[in-house]
Amino acid sequence: MLGFSGCGLDFISIRDSFRVQSLGMSFRLFNTLSRSVEPFVPLTPHHVGMYCCGPTVHNFAHIGNFRTFIFADLLRRYLTFRGFEVQHVMNITDVEDKIIKAVRLTGRTLADFTGEYERAFLEDFDALHCLRPHKLPRATEFVGDIVALIERLIERGIAYQAPDRSVYFSIDKYRGCGCRYGQLANLNFEEMRVGERVSSDEYAKESVADFALWKARVADDGDVFWPSPWGDGRPGWHIECSAMSMKILGSSFDLHLGGEDLIFPHHEDEIAQSEGASLQQPGQRFVKHWVHGAHLLVEGQKMAKSLGNYFTLRDLLTKGFSGREIRYLLISAHYRASFNFTFEGLHGARTALGHIDELNLKLTELAAGLTASPTPELPAHFTEAMDDDLNVSKAWGAVFNWVHEQNRKLAAETLTPIEAASALAAWNHVDQVFGLGHPPASEEAPAEVTALLEERQLARQSKNFARSDTIRGELKSKGWAIEDTPKGPRLKKI
Ligand code: AMP
Ligand code: ZN
């Protein structure tokens, strides 16, 4: 019996529960581990350590991947909005089975191949207004820590080198120590046949088995290998995240995120490795709060290149959509509800965002450079909604009620410049979480377009409405719309 303490009970201390109350209403978040919405209480008051499993850099990331990363960004921004200091870590998986295969097929070096996709990923990430994580550890830069963690698991008797020279995690030994394998994925061992060993990084729940921590070098690995006490080889995918997250955030931290497909085996194996190493203080878990985002479907189906419904961010940008519009669409639904991406939905996002931009433009004009503190209603309704497990639907409901109300006041001309400035400040305050920002400054209209607008003004003054309508049509064909505002007509790029 190894007698380690890594599987101890979670508890909320008196100090923590006080902190929940002192923050006002508590922020509540679903925890996959308990399968319930819980008050979010970090291990250290005011500070949050958050780890999100990052991209495997073997291709351009698709919009499903970005749904998960934007969700992590939204959660980080909301925690910051609620006064927590967040340390956001996202790893870059730059060595694993799919990457090795691609390196072999392309004949490129590992660093050259993964470097290209890492750069592309970060460009896309920025285009979607995601805040860069504070740390972006690459697996290949942590091989020493990974080896040390595997050595510890071997010392503790729960990892072993098999005849194929690879090192595996022993599920039986781990369970024999009183630890529960399968708690995150809710596996029922009584009903399962446990396989002997699995070397691939991804496997189904049905084939639960000892999984690889260190994969012995084989001919297909080419130049991708590192020396280790067990011979040349490379780390398994799961141990990479255990080693990097604990190295940077400590052996117990607050939040671990990823898409729902990572619950098993990836996150289950992370718990087993990290708690199996028993580096945690008594009574502490590896991770307090596990959060998973539901998947994105496209036109009702799982994305697949063969179905022609597979989109990278770049595909959508090429079709003329902006990162802001795509971000808006992806944060319009609750993170635990699977989301169906459609082009109709994306056009709808463009229209809805246009209404917000339009209002902000009018408020900016009316405020005429005045600054004021935010009106309290919008932030209060927003916070009440988001405190409830990031209920974005309710939060957007509050935003659109507010938009409606401001437009009503503008139309009735009952809004003063200082009130307009306060309304703008309220939007900017909640937008720290939505992260949509303002649209890029509108393009200067070319001289022929402004000349047409002037001609239209003259036509209207002389009540030649037929000519005025024709000019509107001509402007539209040149890509410009006219908006009649209290301050006169304005040109807007379509
Ligand atoms: P990968 O690069 O495949 O390791 O995936 C990066 C992240 O994207 C992980 O958190 C996955 O769970 C997530 N992910 C993969 N496919 C989808 C999808 N269709 N919808 C949402 N998230 C996804
Ligand atoms: Zn991971």
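Residues numbered from 1 in each chain as written. Chains lettered and ligands numbered in written order. Predicted model: local features only at pLDDT ≥ 70, side-chain atom pairs only at ≥ 80, totals over all residues. Heavy atoms only, no water.

**Thoughts on the environment of Gly258**
- Residue placement: Gly258 occurs in strand β10 (residues 253–259).
- Exposure remark for Gly258: the relative accessible area of 0% places this residue in the buried category.
- In this view, Gly258 contacts Thr68, His267, Val291, His292 and Gly293; residues no more than four positions away in its chain are not counted. (Helix = DSSP H or I, 4+ residues; strand = E, 2+ residues; numbered from the N terminus. Buried < 20%, exposed > 50% of the residue type's maximum accessible area, 1.4 Å probe, protein only. Contact = heavy atoms within 4.5 Å.)

**Concerning the coordination of the zinc ion (ligand 2)**
- Taken together, the protein donors to the zinc ion (ligand 2) comprise Cys53 (SG), Cys241 (SG) and His266 (NE2), at separations of 2.1 to 2.2 Å.
- Along the chain, the residues that donate to the zinc ion (ligand 2) are spaced as C-x187-C-x24-H. Of this pair, Cys241 sits in helix α7 (residues 237–249) while His266 sits in helix α8 (residues 263–276); the two residues are 25 residues apart in sequence, bridging distant segments of the chain.
- In this structure Cys241 comes out as buried when scored by relative accessible area, which is 0%.
- You can call His266 buried: its relative accessible area is 1%. (Donors = N, O, S within 2.8 Å, 3.2 Å for Na, K, Ca; no water.)

**Describing the pairing of strand β3 (residues 47–52)**
- Judged by how many residues are buried, β3 sits mostly within the fold: 5 of 6 residues are covered.
- Across 6 bridges, the pairing between β3 and strand β4 (residues 85–90) is parallel. Following the sheet pairing, Met50 is matched in β4 by His88.
- Of the crossover connections in this fold, the one passing from β3 over helix α2 (residues 63–81) to the parallel β4 is right-handed.
- By the bridge criterion, 3 bridges tie β3 to β10 in an arrangement that is parallel. Within β10, the residue paired with Tyr51 across the bridge is His256. (Pairing = 2+ DSSP bridges. Right-handed = clockwise from strand over helix to strand, strands pointing away.)

**What about the packing of aromatic side chains?**
- Applying the stated rule across the entire model yields 31 aromatic pairs.
- Both rings, one in Tyr78 and one in Phe81, keep their centres 5.7 Å apart while their planes meet at 20°; by these two values the pair is stacked. Of the two residues, Tyr78 and Phe81 both sit in helix α2, 3 residues apart, roughly one turn of that helix. Each member of the pair Tyr78 and Phe81 is classed as buried.
- The interplanar angle of 75° and the centroid separation of 5.2 Å between the aromatic rings of Phe382 and Phe434 together place this pair among those described as edge-to-face. Separated by 52 residues along the polypeptide, Phe382 in helix α12 (residues 377–387) and Phe434 in helix α14 (residues 417–434) bring together distant segments of the chain. As far as the burial class goes, Phe382 and Phe434 line up, both buried.
- An aromatic cluster of three or more residues is present, and its members are Phe27, Phe40, Tyr78, Phe81, Phe84, Tyr328, Phe382, Trp396, Phe400, Trp402, Trp427 and Phe434.
- A cation sits over an aromatic face here: Lys305 above Tyr310, 4.8 Å from the ring centre. (Phe/Tyr/Trp six-rings, centres within 6.5 Å; stacked < 30°, edge-to-face > 60°. Lys NZ or Arg CZ within 6 Å of the ring centre and 35° of its normal.)

**Thoughts on the site of ligand 1**
- Neighbouring ligand 1 are 15 residues; Thr56, Gly64, Thr68, Asp261 and Leu296 lie closest to it.
- Taking Asp261, its side chain carries an N or O atom lying 2.4 Å from an oxygen atom of ligand 1.
- Bound to the protein, ligand 1 loses 87% of the 500 Å² it would expose on its own.
- Of all the cavities here, the one that holds ligand 1 is the second largest pocket.
- For the shell around ligand 1, the secondary-structure elements that each account for two or more residues are α2 and β10.
- For the shell around ligand 1, the element with the most residues is α2, which contributes 4 residues. (Near = heavy atom within 4 Å. Polar contact = N/O pair within 3.5 Å; in protein donor to acceptor, adjacent residues only side chain to side chain. Areas by Shrake-Rupley, 256 points an atom, 1.4 Å probe, with all protein chains shown as cover. 1 Å grid on protein atoms, 1.4 Å probe; cavity = no way out; pocket = protein on both sides within 12 Å on 5 of 7 lines; lining within 4 Å. Sits in = over half its atoms within 2 Å of the grid points.)

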